[in-house]
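Breakdown of the fold
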Number of protein chains: 2
Amino acid sequence: MSKKLLLTIVSLAIAVAAFAQGPRNPQNDPMPAGFYPAETNVFCCQYPAVNPVTKEAIFRIKADGAREVSIGICGKRYNFTKDAEGYWTVKTDPLIVGFHYYMINIDGTPCFDPGSEAFFGSNSEQSGIEIPEGPEGDYYRFDKNVPHGKIARCVYWSDINGMERVANVYTPAEYDKNPTKSYPVLYLLHGWGEDEQGWVIQGRTLNIMDNLIAAGKAVPMIIVIDSGDIKTNSYVREAQEGKTVSDIYVNDLMPYINDNFRTLKDRDHTAMAGLSRGGSQTFNTVFANLDKFSWVGGFSGGPRIADEAAAKALYNGAFTDAPKYNSQMHLLFMSTGSEENRGTKVGCDVLTKMGIRNVVFMESPGTAHEWLTWRRSLRDFAQLIFK
Amino acid sequence: MSKKLLLTIVSLAIAVAAFAQGPRNPQNDPMPAGFYPAETNVFCCQYPAVNPVTKEAIFRIKADGAREVSIGICGKRYNFTKDAEGYWTVKTDPLIVGFHYYMINIDGTPCFDPGSEAFFGSNSEQSGIEIPEGPEGDYYRFDKNVPHGKIARCVYWSDINGMERVANVYTPAEYDKNPTKSYPVLYLLHGWGEDEQGWVIQGRTLNIMDNLIAAGKAVPMIIVIDSGDIKTNSYVREAQEGKTVSDIYVNDLMPYINDNFRTLKDRDHTAMAGLSRGGSQTFNTVFANLDKFSWVGGFSGGPRIADEAAAKALYNGAFTDAPKYNSQMHLLFMSTGSEENRGTKVGCDVLTKMGIRNVVFMESPGTAHEWLTWRRSLRDFAQLIFK
């Protein structure tokens, strides 16, 4: 899609709609020059608005009865000011590019912004805003000229959970054209408080994979994006029955996927990666099931390894015998945003020094613990696996 | 799924979680006897709570700084009362079973309830609550003992819209097992202010179709649930370029579906139905494209026909020549909730009296302009088509 064309259409549409509606609606006021509706907005909602050059954002909400309205975003808090018609508005400083969750605080209550679509994070529906990158973000944008895969919403029964669960499953564009071909599988986990929509919506998995595969940079693969721990009560159930979310993945999810998709089932063709808390769950799952996985990724998540002793204490001593480890695992990938301080590079260096091969460290420049770090991580990780 | 088992698990989980957390969180207080978390809640959120026997609901929200909190639901407004810790609570009268959108009004501002998942309606993200039906609602519940289809999120390019759009496509359980078989297609439209998630989440299309097909009551079919007019600006574009959402369906969506799914492409195997405003769009699309469709459904939507003269004025005189009409169309289905007053039955009777055959009227008892009316409509309509 041409973003510029879209923005022109939307602006025109809103101008016409505003004209047709008659009385002034401050939500639809002409915006300051250079500002456009954020692409994360409900379609045709003018605010929040972003300036793609300066990266500033303007938030606006109608809250007649409110006494104090503020927003915290990218580590800073901003106070809104109210106009005569009960609209509160604020312009931010330049924000970090990529996707940010936010809520608008009205008299002490965090409120959802009606101009935003909903994004599930922090165990609740959050507002979100995309601050546009330049052409360097094209890898996660829809390109009408490449073949497109699909993401299937699958509902499957989990015996361990005692209820149905949702898995979103990406299949590449060629999948339906090759009814006898089987594909490798990446299990891709979300972070704390997110759900099966995270990698689909915030993460842009479809666009990233369609673009990589079309360019010949990644192998066509199936990607499984499960509900994860959000609908699991893993901690509670762990306490009660000794079951973790890993057991759900291995005992309920993987058999469902293998029964319902054309998968290459061996460990050489099975990978798992996850972000933040999903990174820890990934390493826990993979190293407890080395018969099933041989590629592992932690995006702003996974083990923190300060030194050799710490490494050796992990995962039942998996790193104590480097030759044995190297004969089993094809890739250990760990990434971090440059604005996080996770000691990820230190951990990768320790492992490499211990003789662990195929350790790849990746740093996302200028980003913190956020979705742009993880889009970049998926982009890089996906190019390394199943090769 | 056993709903009772789920509720027990959730209650236990919350009890344990509350115990583990330490200080009292009124959001997690034990609920009055007979109340359970609504199934539309964010997983593990205690409120809103429903009593499946009395059909009463309890809403609770933390809003320390608020002076007045209320909720409008099922045609009535209720005022919350505040406790010492800033939690506002209200218990409603018995509510109509099925799904209801709602927002909580805090000092004049409609606010999203953080205990609820998000449901797109009225052109914005809304809170929603499911008031449970008894076993008569089993047709839209997940049954672990029947084979399950999938709903694929497809992103396709629309030349008319000048941007990409989303279509959710249901394929029946057997679709992937029969790689050479082609299927009839139902295009299913949402209502005003809703989007492509409406029929997936609020409408329970997957469960309804899986259950009907497993019982042999409906033919295995593909169902296409498009973004519809929400990301179209149909009015604006109509004014600018003479294009309607119907043009998008026929020129951009249908070719995409026929290229990417194994469809039976002839008019005998193509149906369209829609709810509310989507019902009107359905009739406009079908009668302008009789070479493409032969089954049509309007759920609480479609033409209002007071008498024969009104009928004859519709759709370029499609109803003026009954024998010609009857040679083309297999079904004209119109439904309404008993608590709506749409004159739907009158319209169906007028058409039948004019010699129009295969007119089917359906009334949903005890429901208004709401999703339970439309789940029942889909259940009945799906059993009549492609036979």
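**Things to note about the overall build of chain A**
Looking only at helices and strands, one finds 9 helices and 20 strands in chain A. Considering only intrachain contacts with a sequence separation of at least 6, the fraction spanning at least 24 residues in chain A is 69%. Of the roughly 14,600 Å² of accessible surface on chain A, 53% is carried by carbon and sulfur atoms.

**Observations regarding helix α2 (residues 205-214) of chain A**
Of all 10 residues in α2(A), 9 are buried; the element is thus mostly enclosed. Buried residues along α2(A) sit against β13 (150-158), β14 (163-171), β15 (185-189), β16 (222-226) and α9 (371-384) of chain A together with β13 (150-158) of chain B. Phi turns positive one or two residues past the end of α2(A), at Gly216(A), with a value near 75°.

**Quick notes on helix α8 (residues 344-353) of chain A**
One turn of an α-helix holds 3.6 residues; hence residues three or four places apart share an orientation. All names here are of chain A. Along α8, the residues that are buried comprise Thr344, Gly347, Cys348, Val350 and Leu351. Projected down its long axis, α8 shows its buried positions confined to an angular sector of 160°, all on one face. For α8, the secondary structure elements touched by its buried residues are α6 (308-312), β19 (331-337) and β20 (359-364). Looking one or two residues past α8, glycine 355 carries a phi angle of roughly 95°, positive in sign.

**Considerations on the nonpolar core**
Generally speaking, a soluble globular protein has its nonpolar side chains buried in company with each other. Judged by nonpolar contacts, the single largest core of 120 residues is most densely connected at Leu186(A), Met209(A), Phe299(A), Leu186(B), Met209(B) and Phe299(B). When near neighbours in sequence (up to four residues on either side) are disregarded, Met209(B) contacts Tyr170(B), Ala218(B), Met221(B), Ile223(B), Leu378(B) and Ala382(B).

**What about unusual backbone geometry?**
Residues and elements named next belong to chain A. A cis amide bond links tyrosine 47 to the next residue, proline 48, at an omega of 0°. Phi at lysine 55 takes a positive value of approximately 70°, unusual for a residue other than glycine. Within the fold, lysine 55 resides in the loop between β2 (49-50) and β3 (57-62). Given the relative accessible area of 19%, lysine 55 is considered buried. Residue serine 300 is not a glycine yet carries a positive backbone phi of 50°.

**A short note on the sheet that holds strand β10 (residues 109-111) of chain A**
Residue and element names in this part refer to chain A. As summarised here, the arrangement of the 4 strands in space is β5-β4-β9-β10, forming an open sheet in which the pairing is antiparallel. Two strands bound the open sheet, and with one partner strand each, they are β5 (76-79) and β10. Each adjacent strand pair in this sheet contributes to an overall mean axis angle of 30°, direction not counted. Bridge analysis of strand β9 (residues 104-106) against β10 gives 3 bridges, and the strand direction is antiparallel. Counted as the bridge partner of asparagine 105 is proline 110 from β10.

**Some thoughts on the packing of α2(A) against α9(A)**
All names here are of chain A. Relative to each other, α2 and α9 sit at 35°, their axes nearing to 10 Å. Judged by the twist between their axes, the crossing of α2 over α9 is right-handed. Of the residues in α9, those touching α2 at Thr205, Ile208, Met209 and Leu212 are Arg375, Leu378, Arg379, Ala382 and Gln383. Residues that form the contact of α2 with α9 fall into these classes: 5 nonpolar, 2 polar and 2 charged.

**As for the confidence of the model for chain A**
Residue and element names in this part refer to chain A. The pLDDT averaged across chain A works out to 90; a share of 90% of its residues lies at or above 70. Overall, residues 1-22 carries pLDDT values under 50, and its contacts beyond four positions in sequence, including any with other chains, amount to 31 contacts. Low pLDDT, under 50, characterises residues 234-240; the stretch is placed with 17 contacts to residues that sit more than four places away or in other chains. Across the predicted assembly, pTM comes out at 0.93 and ipTM at 0.92.

**A short note on the domain arrangement of chain A**
Residues and elements named next belong to chain A. Taken domain by domain, chain A holds domain 1 (32-132) and domain 2 (139-382). The C-alpha-based centres of domain 1 and domain 2 are spaced at 31 Å. Contact residues are listed per partner, giving 14 residues for domain 1 and 16 residues for domain 2. For the domain 1 and domain 2 pair, buried surface summed over both sides reaches about 1,200 Å², with 50% attributable to carbon and sulfur atoms. Considering only the surface of domain 1 that becomes buried against domain 2, Phe99, Phe120 and Asn123 emerge as the three largest contributors, covering 37% of it. Along the contact surface separating domain 1 from domain 2 lie 3 salt bridges.

**Some thoughts on the environment of His148(B)**
The residue His148(B) is located in the loop between β12 (124-131) and β13 in this model. For His148(B) and Pro172(B), which are 24 residues apart along the polypeptide, the C-alpha to C-alpha distance reads 6.9 Å. Not counting residues up to four positions away in its chain, the partners in contact with His148(B) are Val155(A), Phe142(B), Asp143(B), Ala173(B) and Asp210(B). Polar side-chain contacts of His148(B) include one of 2.9 Å to the backbone oxygen of Asp143(B). In this structure the side chain of His148(B) is engaged in a polar contact, spanning 3.0 Å, whose partner is the backbone oxygen of Val146(B).

**Remarks on the side chain of Arg342(A)**
Residues and elements named next belong to chain A. When you line up the elements, arginine 342 lands in the loop between β19 and α8. The charged side chain of arginine 342 is buried without a salt bridge, its nearest counter-charge being glutamate 340 at 4.3 Å. One polar contact links the side chain of arginine 342 to the main-chain carbonyl oxygen of serine 300, over a distance of 3.2 Å. The contacts of arginine 342, once residues within four sequence positions are left out, are Ser300, Gly301, Arg304, Thr336 and His369.

Parameters and conventions
- Residues numbered from 1 in each chain as written.
- Chains lettered and ligands numbered in written order.
- Predicted model: local features only at pLDDT ≥ 70, side-chain atom pairs only at ≥ 80, totals over all residues.
- Heavy atoms only, no water.
- Helix = DSSP H or I, 4+ residues; strand = E, 2+ residues; numbered from the N terminus.
- Contact = heavy atoms within 4.5 Å.
- Areas by Shrake-Rupley, 256 points an atom, 1.4 Å probe, with all protein chains shown as cover.
- Buried < 20%, exposed > 50% of the residue type's maximum accessible area, 1.4 Å probe, protein only.
- Arc of directions from axis to C-beta.
- Core = buried A, V, L, I, M, F, W, Y, C linked by side-chain atoms within 4.5 Å.
- Pairing = 2+ DSSP bridges.
- Axes fitted to C-alpha atoms, helices over the stretch in contact; angles between N-to-C directions.
- Left-handed = near helix turned anticlockwise from the far one by under 90°.
- Nonpolar A, V, L, I, M, F, W, Y, C, P; charged D, E, K, R; others polar.
- pLDDT = per-residue confidence, 0-100.
- Domains from an automatic or database assignment.
- Buried area = accessible area lost by both parts, 1.4 Å probe.
- Salt bridge = Lys/Arg side-chain N within 4 Å of Asp/Glu carboxyl O.
- Polar contact = N/O pair within 3.5 Å; in protein donor to acceptor, adjacent residues only side chain to side chain.
- Lys, Arg positive; Asp, Glu negative; His and termini not counted.

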